[in-house]
Amino acid sequence: SLVSVARKMFQENDSRRYSCVDLTDPLWSRSRECQYDACVLLDVYEHIPAASRPDFHKALSSVLKENAVLIVTCPTTVHQAFLRSHHPDGLQPVDEDVSLADVQKLAADISAEITHFEYKRIWATNDYFYAVLNRSVTRHDAALLTQPTELISKRSRMKHVEMAAEILG
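Treat the numbers as computed from the prediction; the structure is a model and nothing was measured.

**Q** Explain unusual backbone geometry to me, please; I cannot follow it from the model alone.
**A** Both trends apply: most residues other than glycine have a negative phi, and most peptide bonds are in trans. For S111, which is not glycine, the phi torsion reads 60 degrees and is therefore positive. Here S111 shows up in the loop between α5 (100-109) and β3 (112-120). The exposure class of S111 is exposed, given its relative accessible area of 53%. Although it is not a glycine, N126 adopts a positive phi angle of roughly 60 degrees. Within the secondary structure, N126 sits in the loop between β3 and β4 (128-135). Since its relative accessible area comes to 38%, N126 is described here as partly exposed.

The structure is reproduced here in C-alpha cells:
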C-alpha cells in the first residue's frame, strides 16, 4: 500500500504517522486518537457517492487539524465521459464525476481554501486533476504561496524514486 511505501521512504522521521482508514466507519471515527496535518485522497474522492459527500466532508473535517493540507487527485469529467462512451469496463461500480465546483464545495465544507488546482496527463491529456486544499490560509501564507519553493535535488528525488520502485517490487 502507499502507506507502507511512505513509512519505508521516510522512516528517518519517527514523528510522522501514516494511516489508511475508512472515514465513514463510525467505530473508527469514535475511537480516533489524533487529528492529522495532511490527508491524501489519491483516486478516492470519485468513488464516494455524491449523496454521501456531505457526511464524508463532515467526517474528514473532524480528523484534520486546523492548519491541515488536503491533496486530492481524481479523473476529470472529460476522462470519465470518455470512459463511459468508449471503455465502460474501465469504470468502477461507484465512479462519480468530480468537477471544480465539487472541489470548491469540499473546500467550503472543511473550511479550507483551494491553493492549487491543475489538470495532469496520466494516460491522455487532461485526464486527471490534482488539487491542494489548505485550512487556515492567512494573508502571510497566501503571499508565500506565490514565492518560489526550494526544490529537492535531482539526486535526492531519484533516491526516493528508486526506493519506491524497490518497495513496490
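Still to come is the rest of the account.
**Q** Please explain the pairing of strand β1 (residues 36-42) as it appears in this structure.
**A** On a regular strand, each side chain points to the face opposite its neighbour's, so the side chains alternate between the two faces of the sheet. Sheet analysis places β1 next to strand β2 (residues 64-75), joined by six bridges and oriented parallel. Bridge assignment links L42 to a residue of β2, and that residue is T73. Read from β1 through helix α3 (residues 53-63) to β2, the crossover connection turns out right-handed.

**Q** Would you explain α5 in this entry?
**A** A turn of α-helix holds 3.6 residues, and therefore any two residues three or four places apart point the same way. Among the residues making up α5, those that are buried are V103, L106 and A107. The arc enclosing the buried residues of α5, seen along the axis, measures out at 100 degrees, which places them on a common side. As for α5, its buried residues are in contact with α3, β2, β3 and β4. Of the residues flanking the end of α5, it is S111, one or two places downstream, whose phi is positive at about 60 degrees.

**Q** It is not clear to me how the sheet that holds β4 should be interpreted in this structure. Could you clarify?
**A** Working definition: the strands of a sheet are paired by backbone hydrogen bonds and lie parallel or antiparallel to each other. Taken together, the four strands give an open sheet; going across it, the order is β1-β2-β4-β3, and neighbouring strands pair in mixed fashion. Across the chains shown, the open sheet's two edge strands, defined by having one partner strand only, are β1 and β3. Pairs of neighbouring strands in the sheet enclose a mean axial angle of 10 degrees, with direction left out of account. Judged from the eight bridges that link them, β3 and β4 form a sheet pairing that is antiparallel.

**Q** Can you walk me through the pattern of salt bridges in this structure?
**A** Note that side chains of opposite charge can pair when their charged atoms are close. Enumeration according to the criterion identifies five salt bridges in this entry. For the salt bridge of K65 with D37, the shortest nitrogen-to-oxygen distance reads 3.3 Å. With K65 in strand β2 and D37 in strand β1, this residue pair connects regions lying 28 residues apart in the sequence. Overall, K65 belongs to the partly exposed group, its relative accessible area being 31%. R53 is the partner of D102 in a salt bridge, and the nearest nitrogen-oxygen pair spans 3.7 Å. Highlighted residues: D102 in helix α5 and R53 in helix α3, separated in sequence by 49 residues. Note on R53: relative accessible area 6%, which makes it buried.

Parameters and conventions
Residues numbered from 1 in each chain as written. Predicted model: local features only at pLDDT ≥ 70, side-chain atom pairs only at ≥ 80, totals over all residues. Heavy atoms only, no water. Helix = DSSP H or I, 4+ residues; strand = E, 2+ residues; numbered from the N terminus. Buried < 20%, exposed > 50% of the residue type's maximum accessible area, 1.4 Å probe, protein only. Pairing = 2+ DSSP bridges. Right-handed = clockwise from strand over helix to strand, strands pointing away. Arc of directions from axis to C-beta. Contact = heavy atoms within 4.5 Å. Axes fitted to C-alpha atoms, helices over the stretch in contact; angles between N-to-C directions. Salt bridge = Lys/Arg side-chain N within 4 Å of Asp/Glu carboxyl O.

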